[in-house]
Amino acid sequence: MKKREVEFEFYELLRRFFVEYLPYTVNASPHTIASYKSAFRLLFTFFAEKTDVKAGCITFQILDFDQMNAFFDWLINERKNSRTTAKQRMGALSSFADYAQIRNLDAALVFRTSLEKIAKKSFRRTKGKSRCSFTREELKILFSLPDTTDNLGFRDLTLLSVMYSSGARAQEICDLRIRDIDYDEKDNAILTFTGKGEKTRRVKITSDATRLLNKYILYRKLATYPEKFVFPSQRNEHLSVPAVEEIYEKYIKKAKTEHPDMFCNGPYTPHVMRHTTA
């Protein structure tokens with residue numbers, strides 16, 4: 001096969017992966033697709049900055065163990081990605097490798113095998129390691145930190161409480177609108193979340209969380225605007241996942257400063273609240 005045909009094969013499969021497979025076959029969410037695209041942008045950046053291979057000349061054969069291992073070392077050591085973030089990049093690349101190998105076994109075999117070796121070497125979960133979660137005492141401290149006399153503090157406390165009561169993902173909280181809030185016969189709030197794969201689920205939250213949420217909605221004068229997002233940012237109509245992560249980082253940092261003997265099992269990301277709920 002000619003060089004240009006080999007290059008075309010990689011990019012054509014990559015195009016179909018994003019244009020056809022993810023949105024229609026898998027029904028992946030826009031957030032997932034954006035995350036996968038970010039992984040490939042980083043891969044192309046790596047090749048542009050660290051190798052003699054131009055982004056438009058990448059082939060499956062080039063994506064061998066040495067190159068991919070160097071890429072993940074670059075992510076962690078130079079880009080300062082956490083191992084969790086690097087593992088997410090691995091997931092995106094592996095998903096494409098699986099897709100490509102089904103359509104051309106010989107072409108994608110080196111790429112897929114390389115990722116499998118790196119995953120076993122670098123991202124293997126320690127046997128018996130338990131998931132991080134907040135203790136009850138840590139939750140009490142965390143919920144006591146936002147200043148509820150301040151607009152953002154009141155929002156942050158409501159967000160933390162709703163996430164704990166519902167077990168919602170950060171993206172689901174960002175996407176929550178007033179229209180997604182309903183009530184049962186005892187006036188406890190039932191939230192409709194749109195999660196991975198655009199799947200919806202309804203979650204009832206506690207009476208305490210409901211009262212706080214109702215008070216927040218009344219305070220923000222949102223009740224008559226069903227299309228409004230429940231949790232806006234200072235500049236945008238709704239929070240982003242990085243903004244939610246910053247909220248957690250802000251209060252965890254303050255909590256650790258005030259209680260150095262606690263909050264020692266992190267990192268405490270928004271997903272840790274979901275683990276805690278579970």
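Residues numbered from 1 in each chain as written. Predicted model: local features only at pLDDT ≥ 70, side-chain atom pairs only at ≥ 80, totals over all residues. Heavy atoms only, no water.

Caption draft 1: Looking closely at the overall build of the protein chain. Secondary structure assignment for the protein chain yields eleven helices and three strands. Element order for the protein chain, N to C, with α for helix and β for strand: α-α-α-α-α-α-α-α-β-β-β-α-α-α. Its C-alpha atoms give the protein chain principal-axis dimensions of about 70 × 45 × 35 Å. Split into buried and exposed, the 278 residues of the protein chain put 44% on the buried side. Taking all contacts inside the protein chain whose residues are at least 6 apart in sequence as the whole, residues at least 24 apart take part in 64%. For the protein chain, the exposed area adds up to about 16200 Å²; of that, 50% sits on carbon and sulfur atoms. Within the protein chain, one finds 47 positive and 35 negative side-chain charges whose respective centroids are separated by 2 Å. (Helix = DSSP H or I, 4+ residues; strand = E, 2+ residues; numbered from the N terminus. Buried < 20%, exposed > 50% of the residue type's maximum accessible area, 1.4 Å probe, protein only. Contact = heavy atoms within 4.5 Å. Areas by Shrake-Rupley, 256 points an atom, 1.4 Å probe, with all protein chains shown as cover. Lys, Arg positive; Asp, Glu negative; His and termini not counted. Charge placed at Lys NZ, Arg CZ, Asp CG, Glu CD.)

Caption draft 2: Inspection of the packing of helix 2 (residues 30-50) against helix 4 (residues 83-103) at higher detail. Remark: helix 2 packs on helix 4, axes separated minimally by 9 Å, with the N-to-C direction vectors making an angle of 95 degrees. In terms of axis orientation, helix 2 runs roughly perpendicular to helix 4. On helix 4, the residues touching Ser35, Tyr36, Ser38, Ala39, Phe40, Leu42 and Leu43 of helix 2 are Arg89, Gly91, Ala92, Leu93, Ser95 and Phe96. Classifying every residue of the contact of helix 2 with helix 4 gives eight nonpolar, four polar and one charged. (Axes fitted to C-alpha atoms, helices over the stretch in contact; angles between N-to-C directions. Parallel < 35°, antiparallel > 145°, perpendicular 65-115°, else oblique. Nonpolar A, V, L, I, M, F, W, Y, C, P; charged D, E, K, R; others polar.)

Caption draft 3: Geometry of the pattern of salt bridges. Inspection of the entire model under this criterion finds twelve salt bridges. For glutamate 172, the salt bridge is made with arginine 201, and the minimal N-O distance between the two is 2.6 Å. On the criterion of sequence distance, the pair formed by glutamate 172 in helix 8 (residues 170-175) and arginine 201 in strand 3 (residues 200-204) is long-range, its members being 29 residues apart. Using a relative accessible area of 3% as the deciding quantity, one classes glutamate 172 as buried. (Salt bridge = Lys/Arg side-chain N within 4 Å of Asp/Glu carboxyl O.)

Caption draft 4: View of the state of the cysteines. Under the definition given, this model contains zero disulfides. Just so you know, cysteine 264 is unpaired, no disulfide at all, and the nearest cysteine sulfur is the one on cysteine 132, 10 Å from it. (Disulfide = S-S within 2.5 Å.)

Caption draft 5: Region of the structure containing the layout of surface pockets. Here the second largest pocket defines a volume of roughly 190 Å³. Counting only elements with at least two residues in the lining of the second largest pocket, the list comes to helix 7 (151-166) and helix 10 (241-258). The leading source of residues in the lining of the second largest pocket is helix 10, at four residues. The residue makeup of the lining of the second largest pocket, split by class, is four nonpolar, two polar and five charged. (1 Å grid on protein atoms, 1.4 Å probe; cavity = no way out; pocket = protein on both sides within 12 Å on 5 of 7 lines; lining within 4 Å. Points joined across faces, edges and corners; volume = space filled by probe spheres on them.)

Caption draft 6: Layout of the packing of aromatic side chains. Applying the stated criterion to the full structure yields 29 aromatic pairs. On the numbers, 6.5 Å between centres and 70 degrees between planes, the contact of phenylalanine 134 with phenylalanine 263 is edge-to-face. Taken together, the residues phenylalanine 134 in the loop between helix 5 (105-122) and helix 6 (136-144) and phenylalanine 263 in the loop between helix 10 and helix 11 (270-277) connect sequence positions 129 residues apart. Look at phenylalanine 134 and you get buried, because its relative accessible area is 5%. According to the relative accessible area criterion, phenylalanine 263 is buried, its value standing at 1%. Three or more aromatic residues joined by ring pairs make a cluster, and in this case those are Phe10, Tyr11, Phe17, Phe18, Tyr21, Tyr36, Phe40, Phe44, Phe60, Phe96, Tyr99 and Phe111. Over the ring of tyrosine 225 we find lysine 228; its NZ or CZ atom is 5.9 Å from the centre of that ring. (Phe/Tyr/Trp six-rings, centres within 6.5 Å; stacked < 30°, edge-to-face > 60°. Lys NZ or Arg CZ within 6 Å of the ring centre and 35° of its normal.)

Caption draft 7: Inspection of the packing of helix 2 against helix 3 (residues 65-77) at higher detail. One can describe the packing of helix 2 onto helix 3 by two numbers: an axis separation of 10 Å at closest approach and a directional angle of 100 degrees. When the axes of helix 2 and helix 3 are compared, the pair comes out roughly perpendicular. Within the contact between the two elements, helix 2 uses Ala39, Leu42, Leu43, Thr45, Phe46, Phe47, Glu49 and Lys50 and helix 3 uses Gln67, Met68, Ala70, Phe71, Trp74 and Leu75. Across the contact of helix 2 with helix 3, the residue classes break down as ten nonpolar, two polar and two charged.

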